[in-house]
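Below, each chain spelled out in residue letters.
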There are 2 protein chains.
Amino acid sequence: MSDASEPAAMRLGRFVAETGWGDLTPALRHEAKRSILNFMGCALGSARDPAVDRAVRVLMALSGRTDAGLIGRPERLDVANAAFVNAVAGNLLDYDDTHLATVIHPTAPVFPAVLAIAELRGRSGTEALLAFVLGAEVECRIGNSVSPGHYDRGWHITATCGVFGAAAATAKLLGLDAAATGHAMAIAASQSAGLIENLATAAKNVGVAAAARNGILAALFAEAGYRASPTAIEGPRGWAIAMGDRPRTGELTDGLGTRWEFARNTYKPYPAGIVMHAVIDACLELRAGGLKVDEVSDVRVRGDALLLARGDRPVDNERDAQVSIHHCVAAALLRGAAGVAEFAAAFVADPRAVALRAKVTAELDAGLPRGAATVAVKTTSGRTLTATVHHPLGSEQKPLSDTQIEAKTRANAALSGSGVDPAPLIEAVWALDRAGSVGALVQAAVARRS
Amino acid sequence: MSDASEPAAMRLGRFVAETGWGDLTPALRHEAKRSILNFMGCALGSARDPAVDRAVRVLMALSGRTDAGLIGRPERLDVANAAFVNAVAGNLLDYDDTHLATVIHPTAPVFPAVLAIAELRGRSGTEALLAFVLGAEVECRIGNSVSPGHYDRGWHITATCGVFGAAAATAKLLGLDAAATGHAMAIAASQSAGLIENLATAAKNVGVAAAARNGILAALFAEAGYRASPTAIEGPRGWAIAMGDRPRTGELTDGLGTRWEFARNTYKPYPAGIVMHAVIDACLELRAGGLKVDEVSDVRVRGDALLLARGDRPVDNERDAQVSIHHCVAAALLRGAAGVAEFAAAFVADPRAVALRAKVTAELDAGLPRGAATVAVKTTSGRTLTATVHHPLGSEQKPLSDTQIEAKTRANAALSGSGVDPAPLIEAVWALDRAGSVGALVQAAVARRS
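Residues numbered from 1 in each chain as written. Chains lettered and ligands numbered in written order. Predicted model: local features only at pLDDT ≥ 70, side-chain atom pairs only at ≥ 80, totals over all residues. Heavy atoms only, no water.

S.K.: Mind showing me how you'd approach the domain arrangement of chain A here?
M.R.: By a frequent convention, interface size equals the accessible area lost on bringing the separate parts together. Residues and elements named next belong to chain A. Partitioning chain A into structural domains gives domain 1 (8-267 + 399-445) and domain 2 (274-389). Between domain 1 and domain 2, the C-alpha centre-to-centre distance is 33 Å. Both faces considered, domain 1 and domain 2 share a buried interface measuring about 530 Å² in area, 58% of it formed by carbon and sulfur atoms. For the pair domain 1 and domain 2, the number of links is zero salt bridges. Summed over the shared surface of domain 1 and domain 2, the number is one residue pair in polar contact (both at pLDDT 80 or more). Along the lines of polarity and charge, the residues of the side of domain 1 that touches domain 2 split into six nonpolar, two polar and one charged. (Domains from an automatic or database assignment. Buried area = accessible area lost by both parts, 1.4 Å probe. Salt bridge = Lys/Arg side-chain N within 4 Å of Asp/Glu carboxyl O. Polar contact = N/O pair within 3.5 Å; in protein donor to acceptor, adjacent residues only side chain to side chain. Nonpolar A, V, L, I, M, F, W, Y, C, P; charged D, E, K, R; others polar.)

Have a look at this one:
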């Protein structure tokens, strides 16, 4: 029973503590595995990135423990720091999952906490999956309650809401009761941080990773008896109002256990800004229809104001390319693909990509809905070929298939040189609900010591 | 030279990197020692509190390292977690120092970072003192730039600004250059958190302690090569604006190195809310003038609106008593003192204190400035004795003497049963600028293994 006067953290704590594996539909259970598989591939893809190397070096010097494994690496760390490193790795490619209503990347702050604590405390596969779903649900609902103002004001919502999800998931794995789980989330409220101003820098990854670590710590402190204000989330000097929003508390608690925000999670087929995906799909459609890139005279891309605001920009580097209409067109038409290689420095600087980007213009089409795009290519022979995409691959309406997520995972795993074979990892994720522990998953994800 | 277009984090980074021990006046150097001594006493007083016990238990299980000592305790931890525990202890009594313009408690988030990193890296006493002053200065200036809106909106300013101070101080001890120091602060911006809604709970201490830990980590990541947005503090989607204030950037950078906010630090003589201090001093004055508590018929306290808003309240527990006009009168008149014992549960529930509190009424006197109070006692023989205090002991105008800070430290040290002798600790603090390392200070502060 819902009680309108019950503070949000305590209501969410009760939801997390009282929900069991049997309460999750088969579709939700499967979505959890898809999210984890997608995350694991992203983390493997970045496992040897200098940003991850540096994080491991700093944190190995701090911690002498070896309780938890690192994805794609041979080292082990304490649970808090292991979760930090795995979250850095999983988020670094900007290729992880997206809850489109909030633009939260749900898995990066939550699953690293689950993986580390489940390994430390010997929890089963179903316990890990359940904790992950509940953490991600709490995270997305808290995000809904303050969207879209929260992100627009400068808060990096994956980090600021992720800490609640990591706290809730950890509390579930620790077996905390309803009240202690609520206090874990209320303690997490005093740890919520992360700025859009830092989005283009490594400080973004610190923010997401700190959410995983701080969520773990909030739950461990709640387990040890620390308490916080029950109204830490929605109170007059609490989280939402301090951050600038009067929270819509209905989004936090209405339909808990029946309406699942986590069920709306999506996975990117391309490591580009999500609003670029319709542009890419339209170009791939034209190419598949027989368009030869040498025939392209000029390209006109039409879309809504958001597409133009985000994507009509000069390209100086790889980060620009990920949010450039011009570069997305060049990649899809030149290579028939828009994977990690198409957004890497070598291809971004390729003279053929530079030349094709120069042929692209973008214009507003107020009649097109958000996320849609029309691409019109004029050829050297004077023809005009047009494709319009309303629901790109990876959207809620056209989700990636399991096979496509597996292929993405294999492609990402090949990036890092970690030596991790993705086949047993993919197998371990799909088998997670039959595993007595997360040990097999961890073993499949970590690198052998070379 | 100041450059108006230089981003705040980078300007502050340059200030921290370029300021040397020789740039600190003798008064500043001495104020640093006074702050450290006051902090050490507060931390000793709480060293065996259950909140500290629990923090040590949680963090010992995470960390296997022993790089840094804990004040008043025998255990050792890694630097990040040691700083966390020492910050919890130093802030727990609500008896630490106050920068009155911002209500920041400057030392609790900054000095624990300095102590741990100086021990780890073998830094000298002057290096530790310099890093501490610079960190505290950055912290108070960033607080000034968003005060008073920041605190009023729900941000616990000691935590939210403390993380910048801890980052700056750590960066100084690590020997980072100007740019890397700026990036350490810009990374810290993405870690700034802490809520007024949680002020009455242990989550407050987690917030202050996390500021110390996260400041250390921000600097260690900057040392390892992580970078952030130079405009993380004042940019359009940066720290100040996301948190709700258009920052007054002049407060950040004007007069750096000549006008020192840290010089305005103050120390509480009583573990009560600061606006209560004039009430206590007026009562002590009356008692010293010969007033006998048995003669008291009724007590009228007059002050400004803030005094009444904060202090005219029923007393149910120790936390209420710390901000109760009625209890502060009872303590000062009954005991001639307002120390930790006078705000402990036993005395708060003492029938004589309960009876005297019932004789106290409070009323507005709009003619009195903030921080002042008048106490008028009517006696059973019909006399009225009156005292007015404008600048209580511990204010900027009437600071605690060194001898009074020493006495406070001895009294606090006696509270915890840590077994730490305050005499050599006091000696080590005064001698810190002549110490080749912080080793003697740490040795004097930690408890022997029993």
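On we go from here.
S.K.: Before we go on, may I ask you to explain the confidence of the model for chain A in this structure?
M.R.: Parts of the model with low pLDDT should not have their predicted coordinates read in detail. Model confidence for chain A is summarised by a mean pLDDT of 96, while 99% of its residues fall at 70 or above. Complex prediction metrics read pTM 0.95 and ipTM 0.94. (pLDDT = per-residue confidence, 0-100.)

S.K.: Would you mind going over unusual backbone geometry with me for this structure?
M.R.: With the exception of glycine, the majority of residues adopt a negative phi angle, and the majority of peptide bonds are in the trans configuration. Residues and elements named next belong to chain A. Cis geometry marks the peptide bond from Ser-147 to Pro-148, where omega comes out at 0°. When you line up the elements, Pro-148 lands in the loop between helix H6 (125-146) and helix H7 (149-153). Of note, Val-103 is a non-glycine position whose phi angle comes to about 65°, a positive value. With respect to the element layout, Val-103 can be found in the loop between strand E3 (98-99) and helix H5 (107-121). Classification of Val-103 as partly exposed rests on a relative accessible area of 40%. (Helix = DSSP H or I, 4+ residues; strand = E, 2+ residues; numbered from the N terminus. Buried < 20%, exposed > 50% of the residue type's maximum accessible area, 1.4 Å probe, protein only.)

S.K.: Would you mind going over the sheet that holds strand E6 (residues 360-364) of chain A with me for this structure?
M.R.: Two orientations exist for strands paired in a sheet by backbone hydrogen bonds: parallel and antiparallel. Residue and element names in this part refer to chain A. Taken together, four strands build an open sheet; the order of strands is E6-E5-E7-E8 and the sheet is mixed. Edge strands, defined here as strands with exactly one partner in the open sheet, are E6 and strand E8 (384-389). Direction aside, the axes of adjacent strands within the sheet are offset by 20° on average. One ladder, built from six bridges, connects strand E7 (residues 373-379) with E8; its direction is antiparallel. In the sheet register, Thr-374 faces E8, and the bridge partner there is Thr-388. This element, helix H13 (residues 277-288), spans strand E5 (296-303), E7 and E8 of the sheet and lies at about 135° to E8. Across the sheet, helix H16 (residues 325-335) is in contact with E5 and E6; its angle to E5 comes to roughly 125°. (Pairing = 2+ DSSP bridges. Axes fitted to C-alpha atoms, helices over the stretch in contact; angles between N-to-C directions. Contact = heavy atoms within 4.5 Å.)

S.K.: Honestly, the interface of chain B and chain A in this entry has me stumped. Any pointers?
M.R.: Opposite the 62 residues of chain B that make contact, chain A presents 62 residues. For the pair chain B and chain A, the summed buried area comes to about 4,800 Å², and 61% of that belongs to carbon and sulfur atoms. The largest share of the area that chain B buries against chain A comes from Glu-197, Tyr-226 and Arg-237 of chain B, three residues that together contribute 17% of it. Linking chain B with chain A are zero salt bridges. Joining chain B to chain A, the criterion identifies 28 residue pairs in polar contact (both at pLDDT 80 or more).

S.K.: Would you take a moment to explain helix H3 (residues 50-62) of chain B for this structure?
M.R.: Because each turn of an α-helix spans 3.6 residues, side chains separated by three or four positions in sequence point in the same direction. Residue and element names in this part refer to chain B. The end-to-end C-alpha distance of H3 is 19 Å, a good match for the 18 Å that 13 residues give at a rise of 1.5 Å each. Within the sequence span of H3, burial applies to Ala-51, Val-52, Ala-55, Val-56, Val-58, Leu-59 and Leu-62. Sitting at the amino-terminal end of H3 is Asp-49, which places a side-chain oxygen 2.8 Å from the backbone nitrogen of Ala-51. (Expected span 1.5 Å × (residues − 1).)

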